[in-house]
Amino acid sequence: MIQGTASDVGKSVICTALCRHFYERGYRVAPFKSQNMSLNSYVTRSGHEIGRAQGAQAEAAGIEATYDMNPILLKPKGEMVSEVIVHGKRWADMPAMAYRARTLEEMLEPVRASLARLAEQVEVLVIEGAGSPAEINLKDRDIANMRVAELVDAPVLLVADIERGGMFASCVGTYELLTEEERKRVKGWIVNKFRGSKELLESGLAWLEERTGAPVLGVLPTIRMEVDPEDSLALQNMRGDQQAGDKLDVAIVRLPYISNFTDFVPLSRQSACAVRYVQSVEQLGAPDVIILPGTKNTIHDLQWLKANGWMEAIQQAYERGAFVVGICGGYQMLGSVLRDEEQVEGAGGVESGLGLLAVETDFVPVKETRQQTGYLLAEWADQVEVSGYEIHLGRTTRGKGVMPLLRWVDGREDGAISANGRVMGTYLHGLFDNERFVQKWLQFIGEAKGLTLASDPAVDRQQVYADLAEWLRQHVDVERIERIMGIHTDR
């Protein structure tokens, strides 16, 4: 089990690398995270929703992702309120204190059931913790860290982030706040995000080993990761302050409850695009493209847009020639009316949208979660095939004369596009992962703006996972980790 001294120390990336390492060694391996709090999610082939990181880790492990790999997913949607997803399906919206009161009595059972099923299917389980195992105010009901390690008697490796400073204090502090039995379970440290000369670090590492009795198994240098980030903390480190120059200036509105921002990672890798996240109208400037992303609370974030001058700013930018794209909740906001008469999202009510697309949305309690394949209907797209996934509670209907953006393989239609092609919305997450779509879309925008916008090839995800595993092997004593796990035979 991989645990950390804090959030965003790199647990997910290291687990992904380990999954790939054991896959390359010939083991049947799967990832597991008992409870995940994230607004970046993934839909399995069977239509179940899990954390995005576990979907990527399963891909690295060469195994089909299932809800057992992340039996509980918490998606924050309001002040101290989260949507609780159990075994891949919406269970309830619950305040933090009410959920905390029920964790051990109700939530531990699906965790046990998933662990038991996975144990029958694989030889190696790479378990990821959440946050820190030493949060003393939460620890008595924590089902994401040491309690899981105890359930399966797993050795624990602790990951520390040296980039943020204070690493030795966080390591020793974490270690000291564990019980004696928990300390016995800690079998090593991994130092992550290191820059500089390792020689200058050696004396500190020796001190840490002597102080805790646990060996330092490796020091991982900072590299540019092509793995989708999971934690919203990663947003502050994503490319968002670029100067457009002769590139396409793409402004993504950072909504308060932004979700599945991994949708735009492929776009940020395009050399023709300068992608930036903007939190205020003052930061907007005069972009070529404005993107409204998905959100866990569409009504709340739409009200936030109105209160902070975004409605007028986006409409004025469109009138000046900007292209506008909405994904999922962002698509709903582009419409004329959003109705939440059943209070699915919270307080309920009716809100007027931006009015850039003649569509209306009604929120319903039945959540749509499915993988999708279809093709684009826009004139400039030449029926390019696209694939991705849907995660939404709303049902959107197009008005008369509004063209759908996509047609799924089952014949149903999705999304909408304006007559001039400059406004489009869709429920499809993962749209920008489709290489041919990006190529055609950039070409269309370039022709309209007099720019030459060539697209770059899509990232080979399998090669990324292979590179991650090699990065891990170069800097971490993986053979010693295998001995700690009780793996003794060569494969």
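Since the model is a prediction, treat every value here as computed from it, not as a measurement.

The rules behind the values
- Residues numbered from 1 in each chain as written.
- Predicted model: local features only at pLDDT ≥ 70, side-chain atom pairs only at ≥ 80, totals over all residues.
- Heavy atoms only, no water.
- Axes fitted to C-alpha atoms, helices over the stretch in contact; angles between N-to-C directions.
- Helix = DSSP H or I, 4+ residues; strand = E, 2+ residues; numbered from the N terminus.
- Parallel < 35°, antiparallel > 145°, perpendicular 65-115°, else oblique.
- Contact = heavy atoms within 4.5 Å.
- Nonpolar A, V, L, I, M, F, W, Y, C, P; charged D, E, K, R; others polar.
- Core = buried A, V, L, I, M, F, W, Y, C linked by side-chain atoms within 4.5 Å.
- Buried < 20%, exposed > 50% of the residue type's maximum accessible area, 1.4 Å probe, protein only.
- Salt bridge = Lys/Arg side-chain N within 4 Å of Asp/Glu carboxyl O.
- Polar contact = N/O pair within 3.5 Å; in protein donor to acceptor, adjacent residues only side chain to side chain.
- Phe/Tyr/Trp six-rings, centres within 6.5 Å; stacked < 30°, edge-to-face > 60°.
- Pairing = 2+ DSSP bridges.

### Here we look at the packing of helix H2 (residues 52–60) against helix H14 (residues 461–475)
Point 1. One way to put it is that H2 packs onto H14 with a least axis distance of 10 Å and a crossing angle of 85°. Considered as vectors, H2 and H14 are oriented roughly perpendicular to each other. Of H14, the residues touching H2 (which contributes Ala56, Glu59 and Ala60) are Arg461, Gln462 and Tyr465.
Point 2. Partitioned by chemical class, the residues of the contact of H2 with H14 number three nonpolar, one polar and two charged.

### A few points about the nonpolar core
Point 1. Among the nonpolar cores identified, the biggest contains 71 residues, and Phe437 and Trp441 are the most heavily contacted of them.
Point 2. Excluding residues within four positions of it along the chain, Phe437 makes contact with Leu376, Trp380, Val384, Val386, Met424, Leu431 and Phe432.

### Considering unusual backbone geometry
Point 1. Positive phi values are uncommon outside glycine, yet His87 reaches one of about 50°.
Point 2. In this structure, His87 sits in the loop between strand E7 (81–86) and strand E8 (89–95).
Point 3. On the basis of relative accessible area, His87 is assigned to the buried category, the value being 19%.
Point 4. A positive phi angle, near 45°, is found at Asn260, a position not held by glycine.
Point 5. Looking at the element boundaries, Asn260 is found in the loop between strand E14 (258–259) and helix H8 (265–268).

### Observations concerning H2
Since the α-helix packs 3.6 residues into each turn, any two residues three or four apart lie on the same face.
Point 1. Where burial is concerned, most of H2 is hidden: eight out of the nine residues are buried.
Point 2. Every buried residue of H2 is listed here: Arg52, Ala53, Gln54, Gly55, Ala56, Gln57, Ala58 and Ala60.
Point 3. Two residues or fewer after H2 comes Gly62, characterised by a positive phi angle close to 70°.

### Concerning the pattern of salt bridges
Opposite charge on two side chains permits them to pair, given that their charged atoms come into close proximity.
Point 1. One pass over the full model with this rule turns up 37 salt bridges.
Point 2. The partner of Glu390 in a salt bridge is Arg370, and the shortest N-O contact between them spans 3.3 Å. Taken as a pair, Glu390 in strand E22 (residues 385–398) and Arg370 in strand E21 (residues 359–376) lie far apart in primary sequence, 20 residues in all.
Point 3. The exposure class of Glu390 is buried, given its relative accessible area of 3%.
Point 4. Each of Glu49, Lys75, Lys77, Glu83, Arg90, Asp93, Lys296 and Lys367 takes part in salt bridges that share partners, so that together they form one network.

### Focus on the side chain of Arg141
Point 1. Among the secondary structure elements, Arg141 is positioned in the loop between strand E9 (124–127) and helix H4 (146–152).
Point 2. Judged by its relative accessible area of 19%, Arg141 is buried.
Point 3. Polar side-chain contacts of Arg141 include one of 2.6 Å to the backbone oxygen of Arg100.
Point 4. Each residue touching Arg141, except ones within four places of it in the same chain, is listed here: Arg100, Ala101, Arg102, Thr103, Leu104, Glu105 and Arg147.

### Some details on the packing of aromatic side chains
Point 1. Tallied over the entire structure, the rule returns 11 aromatic pairs.
Point 2. Between Phe432 and Trp441, the aromatic rings sit 5.3 Å apart at their centres with planes inclined by 65°, giving edge-to-face as the arrangement. Per residue, the accessibility class of Phe432 equals that of Trp441, and both read buried.
Point 3. Taken together, the aromatic side chains of Phe264, Phe323, Trp380, Phe432, Phe437, Trp441 and Phe444 make up a single cluster linked through ring pairs.

### Regarding the side chain of Ser114
Point 1. Positionally, Ser114 belongs in helix H3 (residues 96–121).
Point 2. A polar atom in the side chain of Ser114 sits 2.7 Å from the side chain of Asp68.
Point 3. Those residues in contact with Ser114, other than ones at most four positions away along the chain, are Phe32, Asp68, Pro71 and His87.

### So, the pairing of E8
Point 1. Bridge analysis of E7 against E8 gives six bridges, and the strand direction is antiparallel. Bridge pairing links Val84 to Ala92 in E8.
Point 2. Remark: two residues form the turn of the hairpin made by E7 and E8, two consecutive strands paired antiparallel; His87 in that turn has positive phi of roughly 50°.

### Section: the environment of His475
Point 1. Its place among the elements puts His475 in helix H14.
Point 2. Classification of His475 by relative accessible area gives partly exposed; the value is 28%.
Point 3. C-alpha separation for the pair His475 and Arg28, spaced 447 residues apart in sequence, amounts to 24 Å.
Point 4. Apart from residues no more than four positions distant in its own chain, His475 is found in contact with Leu217, Gly218, Val219, Leu220 and Pro221.

Worth remembering: the numbers are spatial, not functional.
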